[in-house]
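Listed here are the chains, written in short residue letters.
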Amino acid sequence: METRHVDVAIIGAGSAGLGAYRAARAHTDSVLLIEGGPYGTTCARVGCMPSKLLIAAAEAAHQARHTAPFGINVTGEVQVDGRAVMDRVRRERDRFVGLVIESIDGIPDTDRLRGHARFVAPDTLQVDDHTRVIARRVIIASGSRPKYPGLFEAAGDRLVTSDDLFEWETLPESVAVFGPGVIGLELGQALHRLGVRMRLFGVGGALGPLQDAAVRDYAERTLNESLYVDTDATVEGVDRDGDQVVVTFIERNTGQRLIERFDYLLAATGRRPNTDRLALEHAGLLLDSRGIPRFNRYTMQCRISDGEPAPVFIAGDADQELPLLHEASDEGRIAGDNAGRFPEVRVGHRRAPLSIVFSDPQMATVGPSYAELETRHGGCDCLATGEVSFENQGRSRVMRANRGLMRLYAEHGSGLFLGAEIFGPRAEHLAHLLAWSLQQRLTVSQMLDMPFYHPVVEEGLRTGLRNLNADLQLGPAILEHCMECGPGD
Ligand SMILES: Cc1cc2nc3c(=O)[nH]c(=O)nc-3n(C[C@H](O)[C@H](O)[C@H](O)COP(=O)(O)OP(=O)(O)OC[C@H]3O[C@@H](n4cnc5c(N)ncnc54)[C@H](O)[C@@H]3O)c2cc1C
Ligand SMILES: NC(=O)c1ccc[n+]([C@@H]2O[C@H](COP(=O)([O-])OP(=O)(O)OC[C@H]3O[C@@H](n4cnc5c(N)ncnc54)[C@H](O)[C@@H]3O)[C@@H](O)[C@H]2O)c1
């Protein structure tokens, strides 16, 4: 058994771990990056990138099928070549993974160690059976993995998660998707548009990240015009029969008991942090009820069991705060900087909360969750709301993308913009404008002072902001359409 002494040991070479490595290395040459799985990061291998590649193919098929309302007739049926679709997904995915591996190859061999790390003492990690690492500081950047209820195991090797799907050589005929969260919506809709028979089952009414009932209900109604999404499904059984998965459920609209066969069951029922495999009981850290170390979100520093700051930091999906790529990178950078400069720990920069779901229409949330805003501002009647429907929005109608609802929130009295929930066209771009405004601490009036071109989807945002301003009672209520704004604002 080899023993290594280092200043900083990092568990996990994903997006958070790589960011942490670079930041820690700016302070010390003694940094060790430990990786137990394949190099390449979750984002590039099985997450953000392959999912967006599959969605891009699905969008192409969808657009090709919907040209007629523009007076464009594409003769013949749109054919989806499942092998070619999956081939491009994997080829482009491999390219993205290759870029990550190239940058990891640039890290000196002496700074890298392969194997699974676990704590054997607060300052000691055991890596597989081959190396003991004694570290002055440790960064936990071990990511997360899919979780699902035991019931699904009846599907045997026909049970898949987002870790498996992108390895498919071709598209199956049918998939039962469980979990209308971010992954289930993105992948479920993409499979449907690629001609796969798909049903999407949820529990308790949850739909993506949406919490504002008005936006959630609108989204559920709209999605159900083209997909089968039951956000509160009664599923009576999951069984395996031959090569197929048999799902017994009560159909959403009819209340009928149906028994349907699918080629696969895709479990998209959430992810759990890999911290349960780190033997944290030997780390002496203060843990929350989920077994995740308690940490300060500005320094990423964990605490020892008596509440004192520990020489241990956490970053990325491992802490489950905001399991998104840009947050993992930011947290990794902060954790690495602080582990490197320890004991002089500094507060790092956290950005305005922003999340986007690449469904169609897209979903986005900006700022604290609606539930959090209601808790903080609802009790004192301090929460102002505004909204806009995209149904008559000019540019959205031009593009035939005029389905959607955006709700915007601000603080009474100050007029400060607080956040938004969006289900609608170009939400990925609208959400960025709003997140940037939030981070700049703009008031709704200041946002309305910004330029709005014509005709663009952002004019819908302006209508929503005017509506919000009216609720703030800081500006004129919109009694009719803005005359000077051009048609379809
Ligand atoms: C299908 C899907 C789509 C997604 N799409 C998006 C998107 O569009 N936009 C977005 O912002 N986010 C998206 N995400 C989320 C994003 O991918 C994650 O938030 C991000 O990759 C987390 O990075 P990380 O470094 O925390 O974890 P990872 O990249 O998973 O890195 C953790 C690493 O730790 C290693 N490890 C674990 N335990 C040990 C151990 N004991 N010892 C050594 N090594 C260990 C693992 O092997 C892994 O390499 C998506 C996720 C999925 C699954
Ligand atoms: N576009 C993006 O940024 C993007 C894309 C994919 C994933 N991600 C990240 O990955 C994380 C994990 O995604 P996810 O979709 O797995 O989790 P999620 O928490 O977003 O959704 C899980 C869904 O499964 C449902 N569910 C739980 N148990 C169920 C059951 N037994 N049957 C049916 N439904 C059940 C939940 O109610 C929820 O709707 C996300 O929170 C997000 O941070 C981001």
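Residues numbered from 1 in each chain as written. Chains lettered and ligands numbered in written order. Predicted model: local features only at pLDDT ≥ 70, side-chain atom pairs only at ≥ 80, totals over all residues. Heavy atoms only, no water.

1. Details of the state of the cysteines
So, point 1. Under the defined criterion, the tally for this structure stands at two disulfides.
So, point 2. At a sulfur-sulfur separation of 2.0 Å, the disulfide partner of C380 is C382. A torsion of -140° about the S-S bond marks the disulfide between C380 and C382 as left-handed. (Disulfide = S-S within 2.5 Å.)

2. Looking at the sheet that holds strand β12 (residues 234–241)
So, point 1. What the three strands build is an open sheet, ordered β12-β13-β14; its pairing is antiparallel. Two strands bound the open sheet, and with one partner strand each, they are β12 and β14 (257–262). On average, each strand axis in the sheet is tilted by 20° relative to the strand beside it, whichever way the strands run.
So, point 2. As defined by bridge partners, strand β13 (residues 244–250) adjoins β14 across six bridges and the pair is classed as antiparallel. Bridge pairing in β14 places T248 opposite I259. (Pairing = 2+ DSSP bridges. Helix = DSSP H or I, 4+ residues; strand = E, 2+ residues; numbered from the N terminus. Axes fitted to C-alpha atoms, helices over the stretch in contact; angles between N-to-C directions.)

3. Regarding the sheet that holds strand β8 (residues 159–160)
So, point 1. Strand order in the open sheet formed by five strands is β8-β15-β9-β10-β11, and the pairing between neighbours is parallel. Both outer strands of the open sheet, β8 and β11 (229–230), are each paired with one neighbouring strand and no more.
So, point 2. For β8 and strand β15 (residues 264–267), the ladder comprises two bridges, and the chain directions are parallel. When the sheet's bridge partners are listed, L159 is paired in β15 with L265.
So, point 3. Here helix α6 (residues 182–193) sits on the sheet and contacts β9 (174–178), β10 (197–201) and β15; the angle it forms with β10, its principal contact strand, is near 160°. (Contact = heavy atoms within 4.5 Å.)

4. Brief notes about the site of ligand 1
So, point 1. Residues in close proximity to ligand 1 total 35 residues, the closest being A16, E35, T42, K52 and D317.
So, point 2. Taking L325, its main chain carries an N or O atom lying 2.9 Å from an oxygen atom of ligand 1.
So, point 3. Protein chains shield 90% of the accessible area of ligand 1, which is 1,000 Å² for the free molecule.
So, point 4. By residue number, the principal contributor to the shell around ligand 1 is helix α3 (residues 48–65), which donates three residues. (Near = heavy atom within 4 Å. Polar contact = N/O pair within 3.5 Å; in protein donor to acceptor, adjacent residues only side chain to side chain. Areas by Shrake-Rupley, 256 points an atom, 1.4 Å probe, with all protein chains shown as cover.)

5. Some points on the site of ligand 2
So, point 1. As a structural note, the neighbourhood of ligand 2 is formed by 21 residues, with V182, I183, E186, P323 and I356 the closest of them.
So, point 2. Contacts to ligand 2 include G179, whose backbone N or O atom sits 3.5 Å from a nitrogen atom.
So, point 3. Measuring from an oxygen atom of ligand 2, one finds a backbone N or O atom of I183 at 2.9 Å.
So, point 4. Contact with the protein chains hides 74% of the accessible area of ligand 2, taken as 850 Å² for the molecule alone.
So, point 5. No other element matches the three residues that α6 contributes to the shell around ligand 2.
So, point 6. Here the residues of the shell around ligand 2 are counted per class, giving 13 nonpolar, five polar and three charged.
So, point 7. In this structure, the shell around ligand 2 is formed jointly by two domains, domain 1 (2–146 + 272–341) and domain 2 (150–269), each of which donates at least three residues. (Nonpolar A, V, L, I, M, F, W, Y, C, P; charged D, E, K, R; others polar. Domains from an automatic or database assignment.)

6. Focus: the domain arrangement of the protein chain
So, point 1. The domain architecture assigned to the protein chain consists of domain 1 (2–146 + 272–341), domain 2 (150–269) and domain 3 (354–485).
So, point 2. Taken together, the contact pairs seven residues of domain 1 with seven residues of domain 3.
So, point 3. Of all residues in domain 1, K52, P69 and F70 bury the most surface against domain 3, accounting for 48% of the area lost on that side.
So, point 4. Where domain 1 touches domain 3, the interface holds zero salt bridges.
So, point 5. Between the two partners, domain 1 and domain 3, sit zero residue pairs in polar contact (both at pLDDT 80 or more).
So, point 6. A per-element tally of the side of domain 1 that touches domain 3 places α3 first, with three residues.
So, point 7. Of the residues belonging to the side of domain 1 that touches domain 3, the class tally is four nonpolar, two polar and one charged. (Buried area = accessible area lost by both parts, 1.4 Å probe. Salt bridge = Lys/Arg side-chain N within 4 Å of Asp/Glu carboxyl O.)

7. Observations regarding the packing of α3 against helix α4 (residues 82–105)
So, point 1. At a minimum axis separation of 9 Å, α3 and α4 run at an interaxial angle of 145°. Judged by the sense of rotation from one axis to the other, the crossing of α3 with α4 is right-handed. For the pair formed by α3 and α4, the contact residues are M49, P50, L53, L54 and A57 on the first element and V85, M86, R88, V89, E92, R93 and F96 on the second.
So, point 2. Of the residues that constitute the contact of α3 with α4, the class distribution is nine nonpolar, no polar and three charged. (Left-handed = near helix turned anticlockwise from the far one by under 90°.)

8. Re the UniProt feature "domain: FAD/NAD(P)-binding" (unreviewed entry) in the protein chain
So, point 1. Mapped onto this numbering, the UniProt entry annotates "domain: FAD/NAD(P)-binding" (unreviewed entry) at residues 7–332.
So, point 2. This span, residues 7–332, is 28% helix and 26% strand, and a straight line between its end C-alpha atoms measures 17 Å. (UniProt positions renumbered as here; feature names shortened; annotations may be inferred.)

9. Examining the pattern of salt bridges
So, point 1. By the definition in use, this model includes 40 salt bridges.
So, point 2. Between R95 and E92 there is a salt bridge, and its shortest N-O distance comes to 4.0 Å. One end of the pair is R95 and the other is E92, both in helix α4 and three residues apart, which spans about a single turn.
So, point 3. Residue classification places E92 among the partly exposed positions, given a relative accessible area of 23%.
So, point 4. A salt bridge links R261 to D241; its shortest N-O distance comes to 2.8 Å. In this pair, R261 is assigned in strand β14 and D241 in strand β12, connecting sequence segments 20 residues apart.
So, point 5. A relative accessible area of 38% means that R261 is categorised as partly exposed. (Buried < 20%, exposed > 50% of the residue type's maximum accessible area, 1.4 Å probe, protein only.)

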